[in-house]
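One letter stands for each residue in the lines below.
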Amino acid sequence: MQPYELTASEASALIADRKLSVEELARSTLDYIAEREPVIRAWSHVDPDLVLRNARELDKTPPRSPLHGLTFGVKDVIDTFDMPTQHNSPLHVNLQPGQDAACVAVVRHSGALVVGKTDTVEFASGGRRAASRNSHNLAHTPGGSSSGSGAAVGDKQVQLAFGTQTGGSHIRPAAFNGIYGIKPTHGIVSREGAKMYSHTLDTIGWYGRSVADLQLVGGAFQLPGMVAAKAPALRGLRVALCRGPNWEAADAWGRAALMEAGRRLEAAGADVVEFDLPAPFAGLDAAQQTVMRGEGRAAFLPAYLGKHHLLHQDFRDLVENARGITPAQLTEAYDLAARCRAEFDGLFAATSGGRGGQFDVMLTPSSPGEAPEGLHDTGNPTFNAMWTLLHVPCVGIPVAKSARALPLGIQLVGPRFSDAQLLAIAAACAPAIHANGRLDPLTLEEAVAA
């Protein structure tokens, strides 16, 4: 095994024991990126000399934290003081912010090795698509808008990477690339220094190759309860299997992934119960669109006024309110979200961060199914948008692959601010849910019937 192939948690242990140097990991990583970048195109900027200089400096000091020396990609809508932040936009070619975003500063102060900037859908919002490809099937998208981050971790080019989510931009690529990801509770990780699209929705998350990898980063961000959270026993774990109000948008593979994950958990001893969300939740998908586009008007107004000729039509439409969103519609969307947030938290047991409800965790689709063919369509966010608006934490877990070798995943969802406990539950569930093989044809036939 080459150093770049190690998961973050595996490499962390070796670096702590002085059995692996940061420079050795960096050189292995850079060699592999040089080999794969012409194929996967995950990166918008990598400076190998800078990475090696930083790696040598990290080797001069004792490990600062479990993140010391681990390789990190940064989505190119998040500022880095020593690398350009270009947003995949002609407005910001070679822009040098001069300061790290808050999330980057946290992992750097913890000793992480930032390898480069990963390609993104323009402004993580619309417009130009990333050039990145899905390493499992090059004819297919890695998803978006966190395209390069998902592709880089999925292809083992880095161990960890930041993504962002306003609708489904983080969890959906986790499913498409066969990796693990967490979209934390809204606001629990500072968004300072990341491009703003919607202040109500924008959330910074991260990818890894295991739940343990996600937990390492969660520790650096001092997620509430990280020290005390322990993986529960699967036997008796109360799981709500929720198809969601948009089940008809799932393809046969997406349906099979969810139902198979439920069966695997049940076989491992969990109490899996099919559950339908209350009727008002069916309006959350449309409400998320209203909030996102309504708030996007202000986010892109400065560029609209100052560099109109360089601004993609998608963003001009936002500023010009092409969809005719009214203040009354925005108010209604905010109010619906507020009511549903409280109701959703009430579904969960107090031991899982909820308000004494009947479930420990919710199991639900993370994408409609297979990653779409081509690079322009990054996938439908319909299985993500509701959770983003609800501000709840989500953890993406791979399940298996389709007949075309495309990864399929699910997500576990918990109440607000249960991030640490949700990760602990994910650590218990992942060994049962994640199998590297392809789904059984019988599973697929049953899913079609469902």
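Shown above is the structure to which this text applies.
These numbers come from a predicted model, not from an experiment. (Residues numbered from 1 in each chain as written. Predicted model: local features only at pLDDT ≥ 70, side-chain atom pairs only at ≥ 80, totals over all residues. Heavy atoms only, no water.)

Working definition: an aromatic ring pair is given by the centre-to-centre distance plus the angle between the planes. Taken as a whole and judged by the stated rule, the model has twelve aromatic pairs. Their ring planes at 35 degrees and their centres at 4.7 Å tell us that phenylalanine 72 and phenylalanine 162 sit as a pair that is tilted. Of this pair, phenylalanine 72 sits in strand β2 (residues 71-75) while phenylalanine 162 sits in strand β4 (residues 160-165), and the two are 90 residues apart along the sequence. Ring centres 5.0 Å apart and planes at 65 degrees place the aromatic pair phenylalanine 344 and phenylalanine 348 in the edge-to-face group. Look at phenylalanine 344 and you get buried, because its relative accessible area is 0%. Taking the relative accessible area as the measure of exposure, phenylalanine 348 reaches 1% and is therefore buried. (Phe/Tyr/Trp six-rings, centres within 6.5 Å; stacked < 30°, edge-to-face > 60°. Helix = DSSP H or I, 4+ residues; strand = E, 2+ residues; numbered from the N terminus. Buried < 20%, exposed > 50% of the residue type's maximum accessible area, 1.4 Å probe, protein only.)

Turning our eyes to something else, we now look at the sheet that holds strand β8 (residues 271-274). Strand order in this open sheet of eleven strands is β1-β3-β2-β4-β6-β5-β10-β11-β9-β7-β8, and the pairing throughout is mixed. Of all strands in the sheet, those bounded by a partner on one side alone are β1 (43-46) and β8. Here the average twist between neighbouring strands, direction ignored, is 30 degrees. (Pairing = 2+ DSSP bridges. Axes fitted to C-alpha atoms, helices over the stretch in contact; angles between N-to-C directions.)

Now for the packing of helix α1 (residues 8-16) against helix α7 (residues 211-220). Remark: α1 packs on α7, axes separated minimally by 7 Å, with the N-to-C direction vectors making an angle of 65 degrees. Mapping the contact onto sequence places Ala8, Ser9 and Ser12 in α1 and Ala212, Asp213 and Leu216 in α7. Taken together, the residues that form the contact of α1 with α7 break down as three nonpolar, two polar and one charged. (Contact = heavy atoms within 4.5 Å. Nonpolar A, V, L, I, M, F, W, Y, C, P; charged D, E, K, R; others polar.)

In this section: unusual backbone geometry. Residues apart from glycine generally show negative phi values, whereas peptide bonds are mostly found in trans. In this model, glycine 144 is joined to serine 145 through a cis peptide bond whose omega is 10 degrees. Its location among the elements puts serine 145 in the loop between β3 (113-118) and α5 (147-154). For arginine 41, which is not glycine, the phi torsion reads 55 degrees and is therefore positive. Take arginine 41: it is sitting in the loop between α2 (22-40) and β1. Phi angles above zero are rare outside glycine, and glutamine 222 is one such case at about 50 degrees.

The next thing to look at is helix α4 (residues 102-109). Note that an α-helix has 3.6 residues per turn; residues three or four places apart therefore point the same way. Of all eight residues in α4, six are buried; the element is thus mostly enclosed. Inspection of α4 places Ala102, Cys103, Val104, Ala105, Val107 and Arg108 among the buried residues, and these make up the whole buried set. Next to the buried residues of α4 lie α3 (48-59), β2, β3, β4 and β6 (203-208). Immediately downstream of α4, the backbone of glycine 111 shows phi near 95 degrees, a positive value.

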